[in-house]
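Coordinates in review
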Amino acid sequence: MEFRSLMMVIDQFLKKIQKRQTPVGIIGMGYVGLPLVLRFCEEGFRVLGFDVDSKKVAQLKRGRSYLKSISSSRISQFVRNGLLDVTDDFSRLTKPDCIIICVPTPLTEKMEPDLQYIEKTTEAIRDHLRKGQLIILESTSYPGTTQELILPQLESTGLKVGTDFFLAYSPEREDPGSKRFSTFQIPKVVSGVTPSCNKIATTLYGQVIQKVVPVSSPRVAELTKLLENIYRSVNIALVNELKMLADRMGIDIWEVIEAASTKPFGFSPFYPGPGMGGHCIPIDPFYLSWKAREYDFTTKFIQLAGEINVSIPYYVVSKTVDALNDRKKSIKGAKLLILGVAYKKDVDDARESPALAIMDLFQKRGATIRYHDPFIPSLPTFRKYHFKLNSCPLTQPLLQRMDAVVVVTDHSQVDYTWVVTHAPLIIDTRNVTKNMKQWKRKIVKA
Ligand SMILES: NC(=O)c1ccc[n+]([C@@H]2O[C@H](COP(=O)([O-])OP(=O)(O)OC[C@H]3O[C@@H](n4cnc5c(N)ncnc54)[C@H](O)[C@@H]3O)[C@@H](O)[C@H]2O)c1
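Let me sum up the structure you'll find in this document. (Residues numbered from 1 in each chain as written. Predicted model: local features only at pLDDT ≥ 70, side-chain atom pairs only at ≥ 80, totals over all residues. Heavy atoms only, no water.)

**Structural notes on the overall build of the protein**
Secondary structure assignment for the protein yields 14 helices and 13 strands. A compact globule built from 446 residues should have a C-alpha radius of gyration of about 22 Å, and the protein, at 24 Å, falls within 12% of that. Over its C-alpha atoms, taken along the principal directions, the protein stretches across nearly 80 × 50 × 40 Å. Within the protein, counting contacts between residues at least 6 apart in sequence, those at least 24 apart form 69% of the total. (Helix = DSSP H or I, 4+ residues; strand = E, 2+ residues; numbered from the N terminus. Rg over C-alpha atoms; globule rule 2.2 N^0.38 Å. Contact = heavy atoms within 4.5 Å.)

**Examining the pattern of salt bridges**
Two side chains bearing opposite charge may form a pair once their charged atoms approach each other closely. Applying the stated criterion across every chain yields a total of 24 salt bridges. The closest approach of N and O atoms between Asp164 and Lys131, which form a salt bridge, is 3.9 Å. Here Lys131 lies in the loop between helix 5 (116-128) and strand 5 (134-137) and Asp164 lies in the loop between helix 6 (145-155) and strand 6 (166-169), a separation of 33 residues in the sequence. The class of Asp164 is buried, set by a relative accessible area of 13%. With a relative accessible area of 54%, Lys131 lands in the exposed category. (Salt bridge = Lys/Arg side-chain N within 4 Å of Asp/Glu carboxyl O. Buried < 20%, exposed > 50% of the residue type's maximum accessible area, 1.4 Å probe, protein only.)

**Structural notes on the packing of aromatic side chains**
By the definition in use, this model includes 7 aromatic pairs. Summarising the aromatic geometry, the rings of Trp254 and Tyr271 are spaced 5.8 Å apart at their centres and angled 10 degrees between planes, so their arrangement reads as stacked. Taken together, the residues span a long stretch of sequence, with Trp254 in helix 9 (residues 253-260) and Tyr271 in the loop between helix 9 and helix 10 (284-293) at a distance of 17 residues. When its relative accessible area of 13% is taken as the criterion, Trp254 is described as buried. For Tyr271, a relative accessible area of 44% gives the class partly exposed. Arranged with centres 5.9 Å apart and planes meeting at 15 degrees, the rings of Tyr385 and Phe387 form a pair that is stacked. In terms of burial, Tyr385 and Phe387 fall into one category: buried. (Phe/Tyr/Trp six-rings, centres within 6.5 Å; stacked < 30°, edge-to-face > 60°.)

**Thoughts on the sheet that holds strand 8 (residues 212-214)**
Taken in spatial order, the 8 strands line up as 3-2-1-4-5-6-7-8 in an open sheet, and their pairing is mixed. Edge positions in the open sheet fall to strand 3 (84-87) and strand 8, since each of these has one partner strand only. Each strand of the sheet is rotated relative to its neighbour by a mean of 25 degrees, with strand direction disregarded. Alignment of strand 2 (residues 47-50) against strand 3, held across 4 bridges, turns out to be parallel. Paired with Gly49 across the bridge in strand 3 is Val86. Against the sheet, helix 6 touches strand 4 (98-101), strand 5 and strand 6, its axis set at about 155 degrees to strand 6. (Pairing = 2+ DSSP bridges. Axes fitted to C-alpha atoms, helices over the stretch in contact; angles between N-to-C directions.)

**Observations regarding the site of the ligand**
As a matter of local geometry, the ligand sits amid 26 residues, with Val32, Asp51, Lys56, Thr105 and His279 nearest to it. One nitrogen or oxygen atom from the main chain of Val32 is found 2.9 Å from an oxygen atom belonging to the ligand. Residue Thr105 places a side-chain N or O atom 2.5 Å away from an oxygen atom belonging to the ligand. When the ligand is considered free in solution it has 830 Å² of accessible area, and contact with the protein chains removes 92% of it. (Near = heavy atom within 4 Å. Polar contact = N/O pair within 3.5 Å; in protein donor to acceptor, adjacent residues only side chain to side chain. Areas by Shrake-Rupley, 256 points an atom, 1.4 Å probe, with all protein chains shown as cover.)

**Remarks on the pairing of strand 7 (residues 188-192)**
Among the 5 residues of strand 7, 5 are classified as buried, and the element is accordingly described as predominantly covered. Of the two faces of strand 7, the one holding Lys188, Val190 and Gly192 and the one holding Val189 and Ser191 are both buried throughout. Relative to strand 8, strand 7 is paired through 3 bridges, and the arrangement is parallel. Counterpart to Lys188 in the pairing with strand 8 is Val212. Regarding topology, helix 7 (residues 195-206) serves as the crossover connection from strand 7 to the parallel strand 8, and that connection is right-handed. (Right-handed = clockwise from strand over helix to strand, strands pointing away.)

**Quick notes on the sheet that holds strand 9 (residues 335-339)**
Two modes of strand pairing occur in sheets, parallel and antiparallel, and in both the strands are linked by backbone hydrogen bonds. Taken together, 5 strands build an open sheet; the order of strands is 10-9-11-12-13 and the sheet is parallel. Taken across any chain shown, the strands that pair with only one partner, and hence form the sheet edges, are strand 10 (368-372) and strand 13 (443-445). The mean inter-strand angle of the sheet, taken between neighbouring strand axes irrespective of direction, is 25 degrees. Of the strand pairs in this sheet, strand 11 (residues 404-407) and strand 12 (residues 426-428) are connected by 3 bridges, and their pairing is parallel. For Val405, the partnering residue across the bridge sits in strand 12 and is Ile426.

**Side note on the packing of helix 6 against helix 8 (residues 218-249)**
For the pair helix 6 and helix 8, the least separation of the axes is 8 Å and the interaxial angle reads 120 degrees. It follows from the interaxial angle that helix 6 and helix 8 lie oblique. Contact with helix 6, carried on its side by Thr145, Thr146, Gln147 and Glu148, involves Pro218, Arg219 and Glu222 of helix 8 and no other residues of that element. Taken together, the residues of the contact of helix 6 with helix 8 sort by class into 1 nonpolar, 3 polar and 3 charged. (Parallel < 35°, antiparallel > 145°, perpendicular 65-115°, else oblique. Nonpolar A, V, L, I, M, F, W, Y, C, P; charged D, E, K, R; others polar.)

Remember, this is a structural readout, not a statement about activity or role.
Shown next, in the form of structure tokens:
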């Protein structure tokens, strides 16, 4: 295409975006895709959501939410006014001018990237690709995914990137459970494969996000996301290791972190816990270690952080065993209540939660497990774990019947003072008992 006619195509695309005349397709109606759908609808874009899960599609079409963090009314208003439609019919991918991919990127059993969701989505887009479409990947992946995996597939149609269609990467930075930052407020790193892709993608996000941060290539954007998560993983591992040392030295690591946090520069606090959880921090760093092998490079920090964080559930179990032993009780046959199974505070998501590893280790040692989590009424089947358990009501008789209560997730709505008052022994992995000195004989920090 001639330079001048390309400029005209781009100019028209930008004008259509600014006038909200570009329907947006979002693939993957999960924790990342759904908030993004609503953000576009709020700004007046017509959105077509795609998902392979027909139950989710049916629920959304009825205006119902399946995520605690999103109310049904936020969805139903856009279904009613016609801005939002949802489908599992991928032939409708020809309709949107802009398509954003938010599908899962987990690991295989061998801790290698499981790219099947991105691959299947790319095939579906390829089969329906038409001139003038913008495709953006938001799923977290290794540097090179957009240009090495997606681009060749899309260009196999004979259409050319940067002129016939446009391709970009922009990582998601959602902070589930946090009310501090909305999707609008979290700056968005964006990069297109060509300058025209960049211009169109940054203009699109500029309509719905307060600050767009363009970077020079999709690989930079892909590595930016991984750096953010590796930074967390390494720092969490560091405080987890120091927690174990401090415990041996008879020092409370939480008090140390609080004191260090008073330094007004050069220190950002990270907090220890029961082990790494969620679908990002335990997983994403290994996308980079895997890719690094192609460059004869070993990512030692990532491996070490992974090793330490994976060992923490064992530490929590060993502290529980010791605490029971001190009370002349055995772990075999012990009645344990796990308080919180979500991977973090105030979320309804137990994927990759350290609670699952801890419960499994307790069960293997002969303990009887129950759990309470106001956000997780029953435990679904996970990749590695199959517990057939429902959350039990948190009552005084239940607490009194237990040999120990293990606090794994520090949900805001639980009254920990009340729990500590009625339970015989508390294993606290989150410092919820910080101000309960009067009960210190029955509290074990782990
Ligand atoms: N959840 C977070 O906090 C978060 C934050 C930043 C980045 N991410 C990244 O965003 C991506 C999506 O994560 P998520 O938490 O939203 O996952 P999710 O599991 O909540 O949602 C993914 C959705 O995609 C659907 N899906 C799977 N295969 C599909 C296909 N071929 N076509 C259409 N839909 C398909 C699933 O049914 C599901 O509804 C991942 O790469 C993740 O690492 C997640």
